[in-house]
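# Descriptive structure summary
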Amino acid sequence: MEYISTRGSAPALDFAGATLAGLASDGGLYVPRAWPRFSTSEIAAMAGLPYAELAQRIMQPFVGDSLSAERLLELTRVAYGRFAHKAVTPLEQFDEQHWLLELFHGPTLAFKDVALQLLGLLFEEFLARSDENLTIVGATSGDTGSAAIDAVAGRAKVDIFMLHPKGRVSEVQRRQMTTVLAPNVHNIAISGTFDDAQAMVKRMFNDPAMTGRFNIGAVNSINWARLMAQVVYYFAAALQLGAPHRPVAFAVPTGNFGDVFAGYVAAQMGLPVARLIVATNVNDILHRALSTGDYSTGTVTPTAAPSMDIQVSSNFERLLFDLAGRDGRALAAQMAGFEASSTMQLTNAQREGAAALFTSARAEPDDMSHAIRWAWENCGELIDPHTAIGLHAARASGLPREVPVVTLATAHPAKFRDAVERATGQRPSLPSRVGDLFEREERCVDLPGDYAAIAEYVAGRAVPKG
Ligand SMILES: *Cc1c(COP(=O)(O)O)cnc(C)c1O
């Protein structure tokens, strides 16, 4: 499989190349040249497979010649063997129509582990074939950072520099990053928001002074391999609910549009997806874009669901590209306009294409706490604030009763226990797999939200190109 940039001018790469590159050199994002498609009978034959085997089947067409089927299966077995639940992503039932897909059984308690545990292994695999080192530079609103650090800590030939907005991640999230003392892990707290951190990371990918000296890699969902790994659980859930013979809807708490884009990919591959419900909090750029066609950034309001406190949704570009005839030149112009003015209007083709599969909803803080309470009082389930925003949107979606609606549970309730306790009076306990997180030593540097300072810090510590 070949990967092309959404902005049309970067060289096409194979899967290994796209995984190591992260962002394309023209500022675009890599996407497969075409969507692989499974027939109904191929999908039906996947029912009942163990998760690691299902993952290999779904991902093999994307991986192509970069890994043999045997090797890919070995890697998925290692990655998903670290999960605390045998089903990896178990499905729970709320009521006759609503289901919960628990994606938080990995080492750092958020769905990011599903993709990053595999990505850490892919980096190691592909770097072992070359003489090069990889310098991962990432921005996190909390969960990507902890999951990525867990996935690459101590691995050979990789350094990770992780930027988080100082004071805007939860204490559990911060400690999951800063208590990892492996020498290849570098935590940086910057003054500013997640969007500021993300903008600096993107700038580094396009800075020849950095890309000329270092192999800069990405663990954010701009990295295609992450989205690929997330496609798997859409299949896993839908197969359990009767796919391919019955369409299933998904409600997805959304920030950078990575998780829900994986649902779009599943639909392109032949999975019968009835609807993708994009759930946002008051940072609602995606809800505005999907409901009115206006993609304009506002200011970020900090909320109890910090992983969704985002005003620029990187992966939305992948959808806009696919919906606009895959015209990289036109998309590059559209994105350049957005980058200059912070505002962009979707074309009619983009609006209509999106409306065919996506709906959206915005949850106010009260909607979120009501949803947490509803899940607890009616179903005995404690859910985290992000998941609650998804559940609110699922229950407000008005889909016919015969369509099962799966809410993606993106974080363990213990990761955001203050908000859960405020809504229910119950304080979720941390699972034993996180160990003595609150006793461990922390290591992190504070830097100003200033690109030159960050570039200098990275350049002083990263391993240059061979
Ligand atoms: C990252 C994250 C999200 C948002 O996912 P995107 O792929 O960025 O849309 C939602 N909930 C939680 C808990 C997260 O960590």
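Report follows, based on the coordinates. (Residues numbered from 1 in each chain as written. Predicted model: local features only at pLDDT ≥ 70, side-chain atom pairs only at ≥ 80, totals over all residues. Heavy atoms only, no water.)

Scanning the protein chain from N- to C-terminus turns up 19 helices and 15 strands. Expected size for 466 residues packed as a compact globule is a radius of gyration near 23 Å; at 20 Å, the protein chain falls within 12% of this value. Across the 466 residues that make up the protein chain, the buried fraction comes to 62%. Put simply, of all contacts in the protein chain between residues at least 6 apart along the chain, 76% involve residues at least 24 apart. Placing the 40 positive and 49 negative side-chain charges of the protein chain at their respective mean positions leaves the two points 1 Å apart. (Helix = DSSP H or I, 4+ residues; strand = E, 2+ residues; numbered from the N terminus. Rg over C-alpha atoms; globule rule 2.2 N^0.38 Å. Buried < 20%, exposed > 50% of the residue type's maximum accessible area, 1.4 Å probe, protein only. Contact = heavy atoms within 4.5 Å. Lys, Arg positive; Asp, Glu negative; His and termini not counted. Charge placed at Lys NZ, Arg CZ, Asp CG, Glu CD.)

A separate point is the site of the ligand. Lining the immediate surroundings of the ligand are 15 residues, of which Lys112, Asp143, Gly255, Asn256 and Asp259 lie closest. Within the backbone of Phe257, one N or O atom sits 3.1 Å away from an oxygen atom of the ligand. Contact distances for the ligand include 2.9 Å between an oxygen atom and a backbone N or O atom of Asp259. Coverage of the ligand by the protein chains reaches 97% of its 380 Å² of free accessible surface. Judged by the fraction of its atoms near the pocket grid, the ligand is located in the largest cavity. Residue composition of the shell around the ligand, grouped by class: 5 nonpolar, 7 polar and 3 charged. (Near = heavy atom within 4 Å. Polar contact = N/O pair within 3.5 Å; in protein donor to acceptor, adjacent residues only side chain to side chain. Areas by Shrake-Rupley, 256 points an atom, 1.4 Å probe, with all protein chains shown as cover. 1 Å grid on protein atoms, 1.4 Å probe; cavity = no way out; pocket = protein on both sides within 12 Å on 5 of 7 lines; lining within 4 Å. Sits in = over half its atoms within 2 Å of the grid points. Nonpolar A, V, L, I, M, F, W, Y, C, P; charged D, E, K, R; others polar.)

Tallied over the entire structure, the rule returns 22 salt bridges. Note that Glu2 is salt-bridged to Arg33, the shortest N-O span being 2.8 Å. Separated by 31 residues along the polypeptide, Glu2 in the segment before β1 (3-5) and Arg33 in the loop between β2 (30-32) and α2 (40-44) bring together distant segments of the chain. Of the residues examined, Glu2 reaches a relative accessible area of 37% and is grouped as partly exposed. Assessed through its relative accessible area of 45%, Arg33 is described here as partly exposed. A salt bridge links Arg7 to Glu317; the nearest nitrogen and oxygen atoms lie 2.8 Å apart. Of this pair, Arg7 sits in the loop between β1 and α1 (15-21) while Glu317 sits in helix α13 (residues 316-323), and the two are 310 residues apart along the sequence. Comparing Arg7 with Glu317, the two get one shared label, buried. (Salt bridge = Lys/Arg side-chain N within 4 Å of Asp/Glu carboxyl O.)

Okay, the packing of helix α3 (residues 51-63) against helix α4 (residues 69-81) next. For the pair α3 and α4, the least separation of the axes is 9 Å and the interaxial angle reads 130°. As far as their axial angle goes, α4 and α3 are oblique. Where α3 crosses over α4, the two elements pack in a sense that is right-handed. Where α3 approaches α4, its residues Tyr51, Ala52, Glu53, Ala55, Gln56, Met59, Gln60 and Val63 are matched on the opposing element by Ala69, Leu72, Leu73, Thr76, Arg77 and Tyr80. Classifying every residue of the contact of α3 with α4 by side-chain character gives 9 nonpolar, 3 polar and 2 charged. (Axes fitted to C-alpha atoms, helices over the stretch in contact; angles between N-to-C directions. Parallel < 35°, antiparallel > 145°, perpendicular 65-115°, else oblique. Left-handed = near helix turned anticlockwise from the far one by under 90°.)

On to the nonpolar core. Of all hydrophobic cores here, the largest spans 109 residues; its most connected members are Tyr80, Trp224, Tyr234, Phe235, Phe250, Phe316 and Phe358. Not counting residues up to four positions away in its chain, the partners in contact with Phe250 are Tyr234, Ala237, Ala238, Val273, Arg275, Leu276, Ile277, Val406 and Leu408. Of all hydrophobic cores here, the second largest spans 28 residues; its members include Ala139, Ile190, Ile216 and Val458. (Core = buried A, V, L, I, M, F, W, Y, C linked by side-chain atoms within 4.5 Å.)

Let's shift gears to empty space enclosed by the protein. In total, this model carries 3 cavities of 30 Å³ or more according to the counting rule given. Of the pockets and cavities examined, the largest cavity occupies roughly 300 Å³. Looking at the largest cavity, it is lined by 27 residues, and the ones nearest its centre are Phe111, Lys112, Gly255, Asn256 and Ser307. At the level of secondary structure, the elements contributing two or more residues to the lining of the largest cavity comprise α6 (143-152), α10 (224-240) and α11 (258-268). (Points joined across faces, edges and corners; volume = space filled by probe spheres on them.)

For the pair α4 and helix α5 (residues 112-128), interaxial distance at closest approach is 9 Å and the crossing angle is 130°. Classified by the interaxial angle, the pair formed by α4 and α5 is oblique. Crossing of α4 over α5 shows right-handed handedness. Here Arg71, Leu75, Thr76, Val78, Ala79 and Tyr80 of α4 lie close against α5, whose contacting residues are Val114, Gln117, Leu118, Leu121, Leu122 and Glu125. A class-by-class count of the residues in the contact of α4 with α5 yields 8 nonpolar, 2 polar and 2 charged.

Attention now goes to the layout of surface pockets. Here the largest pocket is characterised by a volume of approximately 520 Å³. Lining the largest pocket are 24 residues, and of these Ala199, Lys202, Val312, Phe338 and Glu339 sit closest to its centre. Looking at the lining of the largest pocket, the elements with two or more residues in it are α8 (194-205), α13 and α14 (328-341). Considering each element in turn, the lining of the largest pocket owes the most residues, 5 residues, to α8. Here the residues of the lining of the largest pocket sort into 10 nonpolar, 7 polar and 7 charged.

Turning next to unusual backbone geometry. The peptide bond linking Ala243 to Pro244 adopts the cis configuration, its omega dihedral lying at 10°. Relative to the elements of secondary structure, Pro244 occurs in the loop between α10 and β9 (248-253). Its identity is not glycine, yet Leu109 carries a phi of approximately 75°, on the positive side. Of note, Leu109 is situated in the loop between β4 (98-102) and α5. According to the relative accessible area criterion, Leu109 is buried, its value standing at 0%. The backbone of Arg326 sits at a positive phi, close to 55°, despite the residue not being glycine. Residue position: Arg326 is located in the loop between α13 and α14.

In this section: the pairing of strand β7 (residues 185-190). Among the 6 residues in β7, 6 count as buried, and that is most of the element. Every second residue of β7 is oriented toward a common face, with Val185, Asn187 and Ala189 on one face and His186, Ile188 and Ile190 on the other, all of them buried. In this sheet, β7 lies alongside strand β6 (residues 158-165) in parallel orientation, the contact comprising 6 bridges. Paired with Leu163 across the bridge in β7 is Ile188. (Pairing = 2+ DSSP bridges.)

Here we come to helix α7 (residues 171-178). Side chains of residues three or four places apart in an α-helix project in the same direction, reflecting 3.6 residues per turn. Within α7, 6 of the 8 residues are buried, leaving the element largely enclosed by the surrounding structure. Among the residues of α7, Val172, Gln173, Arg175, Gln176, Met177 and Thr178 are the ones counted as buried.

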